[in-house]
Amino acid sequence: MFRNQYDTDVTTWSPAGRLFQVEYAMEAVKQGSAAIGLRSKTHVVLACVNKASSELSSYQKKIFKADDHIGVAIAGLTADGRVLCRYMRNECINYSYTYESQLPVGRLVVQLADKAQVCTQRSWKRPYGVGLLVGGLDESGAHLFYNCPSGNYFEYQAFAIGSRSQAAKTYLERKFESFMESSRDDLIKDALFALRETLQGEKLTSSTCTISVLGVGEAFHILEQETVQALISEFEIVGEEPPADDTAVPDASSGAGAGAGAGDQGAPADQDVAPMDI
């Protein structure tokens, strides 16, 4: 996207009916490190890729706890994500204090979407440049929502956002029909395999990913690095498969392989030059 006379203000419409500032915020989500969410009838798993801006710095935290029954994974501007997660945490506390029960996931997502939408119609506010995967469990079961900077929200069985997320989406689309009946360990396994797809040949280790779990009788929590590494070794995710995929990609003549290669060439370059932690 390039600058034009209609992108100087979030409230200025182009002749084609577009708000470019909102689209720029959605582009920031695409440039962020990948985040993945999956759900079954009883569990929700959130996972993200840990990316550091340089070898001398630590990675930014991408998964947050809103309440015992709600967790959030973000992709985009980390600062915006922290602000929205703090807002969600306050809403959960206020609802629990007032009604002495847990805030339904759908209601919190609607409030979050309304908060994001206000920033698309006020000239003194900019849109939040972050996408949120909200996983939760309430009386109606497990839920997974995606909140967009435009104020839209969608419920998914499984979804991926961020850089190179299309490779993870392709994997999830092949497997999603079995997720509803999946066990906790099966969901974690599929999340790790989907994360590996976003790395495009890089080695998947416990230091390059974060996994969180929420389920019936299990409050939201982030798995320890030792536990994640044990699961990676148990599922044999890091083995001979990634090198085999790397050797097959240059020889592949299918359109899907060509499309994946084209997407991988652009994402790392944009991510390396990004001036902000995404």
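Residues numbered from 1 in each chain as written. Predicted model: local features only at pLDDT ≥ 70, side-chain atom pairs only at ≥ 80, totals over all residues. Heavy atoms only, no water.

Caption draft 1: Structural context of the overall build of the protein chain. If you tally the helices and strands in the protein chain, you get eight helices and 10 strands. Looking at the protein chain residue by residue over its 278 residues, the buried ones come to 46%. A fraction of 65% describes how many contacts in the protein chain between residues 6 or more apart in sequence connect residues 24 or more apart. Entry remark: accessible area of the protein chain is about 14,100 Å², with carbon and sulfur atoms responsible for 50%. (Helix = DSSP H or I, 4+ residues; strand = E, 2+ residues; numbered from the N terminus. Buried < 20%, exposed > 50% of the residue type's maximum accessible area, 1.4 Å probe, protein only. Contact = heavy atoms within 4.5 Å. Areas by Shrake-Rupley, 256 points an atom, 1.4 Å probe, with all protein chains shown as cover.)

Caption draft 2: Inspection of the side chain of D67 at higher detail. Note on placement: D67 falls in strand β3 (residues 63–67). Despite its burial, D67 pairs with no opposite charge, the nearest such side chain being K65 at 6.2 Å. (Lys, Arg positive; Asp, Glu negative; His and termini not counted. Salt bridge = Lys/Arg side-chain N within 4 Å of Asp/Glu carboxyl O.)

Caption draft 3: Region of interest: the pattern of salt bridges. Counted under the stated rule, the structure contains nine salt bridges. Across the salt bridge formed by E218 and R184, the nearest N and O atoms sit 3.1 Å from each other. Of this pair, E218 sits in strand β10 (residues 218–222) while R184 sits in helix α5 (residues 184–199); the two residues are 34 residues apart in sequence, bridging distant segments of the chain. On the accessibility criterion, R184 (24% relative accessible area) is partly exposed. In this structure, E197 and R196 form a salt bridge, with 3.6 Å as the shortest nitrogen-oxygen distance. R196 gets classed as buried once you look at its relative accessible area, which sits at 9%.

Caption draft 4: Spatial organisation of the packing of aromatic side chains. Enumeration over the complete set of coordinates arrives at six aromatic pairs. Arranged with centres 4.6 Å apart and planes meeting at 40°, the rings of Y95 and Y99 form a pair that is tilted. With Y95 and Y99 both in helix α2 (residues 78–99), this residue pair falls four residues apart, about one helical turn. The exposure class assigned to Y95 is buried, which follows from its relative accessible area of 15%. Here a set of aromatic residues connected by ring pairs shows up, and it is made of Y146, F154, Y156 and F159. Here the basic side chain of K115 rests over the ring of Y87, its NZ or CZ set 4.8 Å away from the ring centre. (Phe/Tyr/Trp six-rings, centres within 6.5 Å; stacked < 30°, edge-to-face > 60°. Lys NZ or Arg CZ within 6 Å of the ring centre and 35° of its normal.)

Caption draft 5: Seen up close, the sheet that holds strand β1 (residues 35–39). With respect to topology, five strands assemble into an open sheet ordered β8-β1-β2-β9-β10, the strand pairing being antiparallel. Each edge of the open sheet is held by one strand with a lone partner, namely β8 (158–161) and β10. This sheet shows a mean twist of 10° between the axes of neighbouring strands, independent of strand direction. Against the sheet, α5 touches β1, β2 (43–49), β9 (209–215) and β10, its axis set at about 25° to β2. (Pairing = 2+ DSSP bridges. Axes fitted to C-alpha atoms, helices over the stretch in contact; angles between N-to-C directions.)

Caption draft 6: Summary view of the sheet that holds β3. In spatial order, the strands read β3-β4-β5-β6-β7; together these five strands make up an open sheet with antiparallel pairing. The open sheet has two edge strands with one neighbour each: β3 and β7 (153–155). Neighbour-to-neighbour, the strand axes of the sheet open up by a mean angle of 25°, direction not taken into account. Here strand β4 (residues 70–76) pairs with strand β5 (residues 130–138) via seven bridges, running antiparallel. Note on β5: the bridge partner recorded for I70 is G136.

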